[in-house]
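Topology and contacts: notes
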Amino acid sequence: MRKLVLIPVLLLAAAAFGQELLVNGDFEQDLTIGWTRLDSGSGTHDVVRDPGYQPDPDNEVFVYQYDNPGSTTLIQTVDVPCPLLQLSFQACFVESGGSSTCWPAACVSVFYYDATDAVLGESKFYYSTYATWTPSPTLGLHQITTPDWNDYSLNIQEELATNLTGVDPAQVTKVGVALVSYTTGG
Ligand SMILES: [Ca+2]
């Protein structure tokens with residue numbers, strides 16, 4: 001995982017420009033800057049910042065969890081001026097083992113919050129053979145089938161209009177971007 005970029009997309013006279021909203025979205029500084037780690041459940045949890053996960057000189061971050069039930073999360077929440085946002089990131093998703101009753105999932109999630117910090121909905125990019133999540137008006141699912149390093153982007157205004165019809169864009173005042181390694185079941 002490297003280079004998460006969340007920018008407000010402002011269209012002005014057919015010219016697009018934006019300002020990066022995430023702090024340390026390229027992981028070039030210590031992860032205590034901008035990011036919060038949350039460990040949950042049992043098993044092994046790990047978050048590692050290292051330049052060696054992808055063959056370029058820049059840093060990546062590895063978010064790991066093993067054994068169920070549990071999860072490891074690295075999250076950053078930012079105030080957003082409007083839901084006219086573009087999230088871009090590069091990610092490599094990995095899973096190992098699992099069954100229909102005990103399954104891992106590698107996720108990049110976007111959470112939408114109102115002014116009281118209540119979660120209004122979630123967009124979830126996930127790689128998992130056995131995950132049983134189903135989409136709803138407050139859960140937009142994007143299943144990853146090619147887990148190797150790829151570029152991803154999410155047009156949040158379009159996402160809310162198309163996949164999260166249960167979320168009122170006018171109520172979204174904060175967005176959380178999370179890397180989640182997850183194991184359930186057992
Ligand atoms: Ca690298």
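Small disclaimer: the values here were computed from a predicted structure and weren't measured.

The rules we used
- Residues numbered from 1 in each chain as written.
- Predicted model: local features only at pLDDT ≥ 70, side-chain atom pairs only at ≥ 80, totals over all residues.
- Helix = DSSP H or I, 4+ residues; strand = E, 2+ residues; numbered from the N terminus.
- Buried ≥ 20, exposed ≤ 12 C-beta atoms within 10 Å, placed from the backbone.
- Contact = placed C-beta atoms within 7 Å.
- Core = buried A, V, L, I, M, F, W, Y, C linked by C-beta atoms within 7 Å.
- Pairing = 2+ DSSP bridges.
- Axes fitted to C-alpha atoms, helices over the stretch in contact; angles between N-to-C directions.

Attention shifts here to the overall build of the protein. Scanning the protein from N- to C-terminus turns up one helix and 13 strands. Each helix (α) and strand (β) of the protein, taken in turn from the N terminus, gives the series β-β-β-β-β-β-β-β-β-β-β-β-α-β. A total of 186 residues make up the protein; the buried ones form 30% of that total. Here the analysis covers contacts within the protein between residues at least 6 apart in sequence; of these, 63% occur between residues at least 24 apart.

This brings us to the nonpolar core. The biggest cluster of nonpolar side chains holds 30 residues, and the ones touching the most others in it are Leu87, Ala105, Cys107, Val108, Val175, Val177 and Leu179. Residue assignment for this core shows that the elements contributing at least two residues are strand 8 (85–91), strand 9 (102–113), strand 10 (119–127), helix 1 (156–162) and strand 13 (174–185). If you tally residues by element for this core, the top one is strand 9, at seven residues.

Ordered in space as 4-7-13-9-10-11, the six strands form an open sheet in which the pairing is mixed. Edge positions in the open sheet fall to strand 4 (36–41) and strand 11 (139–143), since each of these has one partner strand only. The mean inter-strand angle of the sheet, taken between neighbouring strand axes irrespective of direction, is 20°. Judged from the five bridges that link them, strand 10 and strand 11 form a sheet pairing that is parallel.

As a further point, take the environment of arginine 49. Within the secondary structure, arginine 49 sits in strand 5 (residues 44–50). Residues arginine 49 and asparagine 59, 10 residues apart in the sequence, show an inter-C-alpha distance of 6.5 Å. With residues up to four places along the chain from it excluded, the contact list for arginine 49 reads Phe27, Leu31, Asn59 and Val61.

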